[in-house]
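These are the residues of each chain, in order.
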Amino acid sequence: MTAGDKPGRVYGGRSSADREAARRQSLLDGAIDTLITGEPLTVRGVCHTTGLTSRYFYENFASTDALSEAAYDACVSTIASEVAAAFAAPPTVEEQISSAMSSLVDALEADPRAGQILFSTRIANALIARKRQESTQFFVGITAATAREAAAEPVPGIVLDHAARFVVGGVTQLLSTWLNARYDAQFGAAGREPSGADRDAGGNGKSHDYDDDAEPAAPELDGPTVARTASALITALARQLAVDLTL
């Protein structure tokens, strides 16, 4: 082993590489926790949250934008890979779509912070908004590819990418409604645990007058319902655009 190959010193059973990785992960976690509250991300703030000095921040990230981007990618990369794999695996288009949507919903339920980074209405960070557009384009791409594979021939006057964007936009809104409602139910609209009065009065601490003639409220969304609805929307696109499609 050469001098350049020597590992760093070990403290508390951890090598220097392990400590560096832990500090980077701590900064990523601190950034995610800050972003999902809607608060601005600052070097001072994330250092305070993590207990690290600015020296360690700049050893890992050139700026808060670089940290925001890395935090977003850390949340989304695994989900994107799982969805892409699910789209590719099953033998029929219908099964591909169902598998992909189930994988997406399962991943969002397993990692609520990733769901917030992707869909929270509280995040006003411009870089996160751009990254969300990139993620949307990724899902548009695999949706269009799935519909294109299913179609026996192109449908005149229809651009598959445009149709896919329309459908993905609807699925995105559905996911956003579901995840933000879950967040509000858990923490309240102000990001806090709802009080007893809030729960008794439907969440806002006020009594309600009921109108017998009013339209019934839509049922609450849950993960399986979201997955089924999203699957139906994308399958409908594939069916509509296919001249001769057997599912």
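Keep in mind that this is a model prediction, so the values were computed, not measured.

S.K.: So what's going on with the overall build of the chain? Residues and values would help.
M.R.: The secondary structure content of the chain amounts to 10 helices and zero strands. Going residue by residue from the N terminus, the α and β elements of the chain occur as α-α-α-α-α-α-α-α-α-α. For the chain, the share of sequence-separated contacts (at least 6 apart) that also reach a separation of at least 24 residues comes to 66%. Total accessible area on the chain is roughly 14,400 Å²; 52% of this is exposed by carbon and sulfur atoms.

S.K.: How would you summarise a negative patch on the surface if you had to cite specific residues and measurements?
M.R.: A surface patch of like charges, here negative, comprises E82, D106, E109 and D222. Take D222: it is sitting in the loop between α9 (196-200) and α10 (223-241). A relative accessible area of 37% places D222 in the partly exposed class.

S.K.: Explain the confidence of the model for the chain to me, using residue names and the numbers behind them.
M.R.: Close inspection of predicted coordinates is inappropriate for parts of the model with low pLDDT. Of all residues in the chain, 76% attain a pLDDT of 70 or more, and the chain-wide mean is 80. In the model, residues 243-247 has pLDDT below 50 throughout and makes 11 contacts with residues more than four positions away in sequence or in other chains.

S.K.: Can you explain the packing of aromatic side chains? Please cite residues and give values.
M.R.: Within this structure, the stated rule accounts for three aromatic pairs. Ring plane angle 55° and centroid distance 6.1 Å describe the contact between F57 and F61, whose orientation is recorded as tilted. No difference in accessibility class separates F57 from F61, as the two residues are buried. Put simply, the rings of F57, Y58 and F61 touch in pairs and so form one group of aromatic residues.

S.K.: If you had to explain the packing of helix α1 (residues 16-35) against helix α4 (residues 64-88) to someone new, which residues and values would you point to?
M.R.: When two helices pack together, their arrangement is given by the angle between the helix axes and by the axis-to-axis distance. It is at 9 Å that the axes of α1 and α4 come closest, and there the two elements cross at 90°. As summarised for this structure, α1 and α4 are arranged roughly perpendicular, according to the angle between their axes. In this structure, α1 contributes R24, L27, L28, A31, I32 and L35 to the contact, and α4 contributes L67, S68, A70, A71 and C75. Its residues placed into classes, the contact of α1 with α4 shows nine nonpolar, one polar and one charged.

S.K.: Please give an account of helix α5 (residues 93-110) that cites residues and values.
M.R.: Along its 18 residues, α5 runs 26 Å from first to last C-alpha, staying within 8% of the 26 Å computed at 1.5 Å per residue. Among the residues making up α5, those that are buried are V93, Q96, I97, A100, M101, L104, V105, A107 and L108. Seen from one end, α5 has its buried residues packed into an arc of 160°, which puts them on one side.

What counts and how
- Residues numbered from 1 in each chain as written.
- Predicted model: local features only at pLDDT ≥ 70, side-chain atom pairs only at ≥ 80, totals over all residues.
- Heavy atoms only, no water.
- Helix = DSSP H or I, 4+ residues; strand = E, 2+ residues; numbered from the N terminus.
- Contact = heavy atoms within 4.5 Å.
- Areas by Shrake-Rupley, 256 points an atom, 1.4 Å probe, with all protein chains shown as cover.
- Patch = residues over 30% accessible without salt bridge, like charges linked within 9 Å, V, L, I, M, F, W, Y side chains within 5 Å.
- Salt bridge = Lys/Arg side-chain N within 4 Å of Asp/Glu carboxyl O.
- Lys, Arg positive; Asp, Glu negative; His and termini not counted.
- Charge placed at Lys NZ, Arg CZ, Asp CG, Glu CD.
- Buried < 20%, exposed > 50% of the residue type's maximum accessible area, 1.4 Å probe, protein only.
- pLDDT = per-residue confidence, 0-100.
- Phe/Tyr/Trp six-rings, centres within 6.5 Å; stacked < 30°, edge-to-face > 60°.
- Axes fitted to C-alpha atoms, helices over the stretch in contact; angles between N-to-C directions.
- Parallel < 35°, antiparallel > 145°, perpendicular 65-115°, else oblique.
- Nonpolar A, V, L, I, M, F, W, Y, C, P; charged D, E, K, R; others polar.
- Expected span 1.5 Å × (residues − 1).
- Arc of directions from axis to C-beta.

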